[in-house]
Structure formats: C-alpha cells, structure tokens
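A closer look at the structure
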Amino acid sequence: MLLAASSLLLLCRTVDALTHYLMVWYYATLTIRESILRANGSRIKGWWLAHHYITTLLIAIMVTWPDGVVYQAFRQQFMLFAFYLSVIQLLQYQYQKGCLYRLRSLGEAHNMAITIDGFHQWMWKGLSFLLPFLFFGYFFQLYNAFTLFQLSYHPNCTDWQVPVLGCIFFILAVGNITTTAEVIQHKVKARLHKGYNAIKDLKLKNKYKVG
C-alpha cells in the first residue's frame with residue numbers, strides 16, 4: 001500500500017519497479033499457498049486460483065514494459081488501481097479474519113477456509129457490505145482494459161505489452177464479475193428456497209391445528 005501510494009506521488013521508475021516486484025511476489029506466494037490448501041481439501045473456487053496465476057503474469061509483463069510516452073500515459077491510472085486494490089485487500093483481510101473466527105466457532109465454516117481475494121459463499125454472513133467495493137474494483141479492471149486498447153492505437157505505441165495487458169485485464173474483469181455474480185445468485189436462490197420451505201411448513205402446521 002505504501003509503495004503504491006509512493007508511486008502515485010513520485011514519478012520514479014525505480015519505485016514503479018519495486019511496486020511491480022512486490023506485487024509479483026505477493027501473488028506468487030498467494031498462488032502457492034492456495035494450491036497447497038486446495039490439494040488438501042480447501043473449497044477455494046477454481047477461478048480465484050486461476051485469477052492469481054493470471055494476475056502474476058500481468059504484473060510480470062508490467063515489469064518488462066519499457067518506459068516511454070505510452071507507459072507514462074497509463075502509469076498513474078495503474079498505480080491508482082494498485083493503491084485501491086491494496087486498500088480492498090487490507091479491508092478483506094481484517095473483516096474476513098473476524099468473520100472466519102465467528103463462523104468456525106459456530107461450526108458454519110470449513111476448516112480449510114482462509115482469508116482470500118474475491119467473494120466466497122461463507123462471506124455472505126457479515127461481509128456482503130464489501131460487495132460494492134469489490135465490484136468497483138472489477139469495473140476498474142474493465143476501465144484499465146479499455147484504456148490500454150485505446151493506447152494500443154497511439155501513434156507512439158510500439159510495445160507488445162499494451163494490447164496483451166488490455167486482454168488480460170479484460171479476462172480478469174469478466175472472470176471476477178461472473179464468478180462473484182454466480183456466488184450472489186446461488187446465495188439468493190438458497191435464501192428464497194429456505195424462505196419458501198419455511199412458509200410451506202408454517203402452512204402445514206396451521207392446517208393441522210385447524211384440523
């Protein structure tokens with residue numbers, strides 16, 4: 001978070017590189033941890049694991065993007081995105097930690113459930129308030145893709161990284177939005193089904209009472 005904030009204030013390629021390398025390290029270690037947990041029975045959705053592989057690739061490509069007019073045109077937007085992402089991850093970690101502790105004590109969370117990016121079914125109770133912030137981040141990714149596709153037509157654009165990064169941001173945005181929407185749809189259907197069954201049981205009880 002501090003490096004991303006520094007990159008917003010300091011126009012220094014060294015600080016940019018440090019931010020990129022830190023992000024590569026973070027997502028690479030996250031991917032290794034989740035792969036081990038999934039192999040041991042964790043219920044992490046396949047998309048979120050793939051998401052971290054793809055994000056690691058994205059940041060690695062950012063590292064190779066040479067400085068120039070097109071890089072500088074996108075730099076500030078990306079650093080703002082990186083800063084927003086770090087704030088959301090900090091919020092998620094703090095609230096997920098407390099939510100997981102409560103759910104485990106009630107026996108409502110899987111033992112292999114961990115603090116993680118994205119929105120998962122066990123987060124519905126107590127963490128649904130994070131959804132607007134998550135969706136804003138996902139649409140920010142779409143905006144990044146749109147900006148990069150526009151920059152790929154810039155007269156000075158000769159870097160292969162620009163269209164490739166645009167495609168990756170688009171894939172991440174669509175995958176995140178689709179997966180999170182599926183989780184919401186599943187939970188809403190489950191609640192409606194539960195409510196329908198409760199009403200049905202109540203009607204049956206009243207019927208027997210009248211009888």
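For the structure given in this document, a descriptive report is provided here. This is a predicted model, so every value here is computed, not measured. (Residues numbered from 1 in each chain as written. Predicted model: local features only at pLDDT ≥ 70, side-chain atom pairs only at ≥ 80, totals over all residues. Heavy atoms only, no water.)

1. Describing a nonpolar patch on the surface
- Taken together, the side chains of Phe149, Phe170, Ile171 and Val174 present a nonpolar region at the surface, about 330 Å² in accessible area.
- The element contributing the most residues to the nonpolar patch is helix 7 (residues 161-210), with 3 residues.
- Relative to the assigned elements, Phe170 resides in helix 7.
- By relative accessible area, which is 43% here, Phe170 ends up partly exposed. (Patch = residues over 30% accessible without salt bridge, like charges linked within 9 Å, V, L, I, M, F, W, Y side chains within 5 Å. Areas by Shrake-Rupley, 256 points an atom, 1.4 Å probe, with all protein chains shown as cover. Salt bridge = Lys/Arg side-chain N within 4 Å of Asp/Glu carboxyl O. Helix = DSSP H or I, 4+ residues; strand = E, 2+ residues; numbered from the N terminus. Buried < 20%, exposed > 50% of the residue type's maximum accessible area, 1.4 Å probe, protein only.)

2. Points about helix 3 (residues 46-64)
- Spanning 19 residues, helix 3 covers 28 Å between terminal C-alpha atoms, matching the ideal 27 Å at 1.5 Å per step.
- Among the residues of helix 3, those classed as buried are Trp47, Trp48, Leu49, His51, His52, Thr55, Thr56, Leu58, Ile59, Ile61 and Met62. (Expected span 1.5 Å × (residues − 1).)

3. Focus: helix 6 (residues 131-151)
- Taking 1.5 Å as the rise per residue, helix 6 with 21 residues should run 30 Å; its terminal C-alpha atoms sit 30 Å apart, in good agreement.
- Within helix 6 the residues assigned to the buried category are Leu131, Leu134, Gly137, Tyr138, Phe140, Gln141, Asn144, Ala145, Thr147, Leu148 and Leu151.

4. Brief notes about the side chain of Thr56
- Relative to the assigned elements, Thr56 resides in helix 3.
- Here Thr56 falls in the buried class, since its relative accessible area comes to 17%.
- Beyond its immediate stretch of four places on either side in the chain, Thr56 contacts Val24, Tyr27, Ala28 and Thr31. (Contact = heavy atoms within 4.5 Å.)

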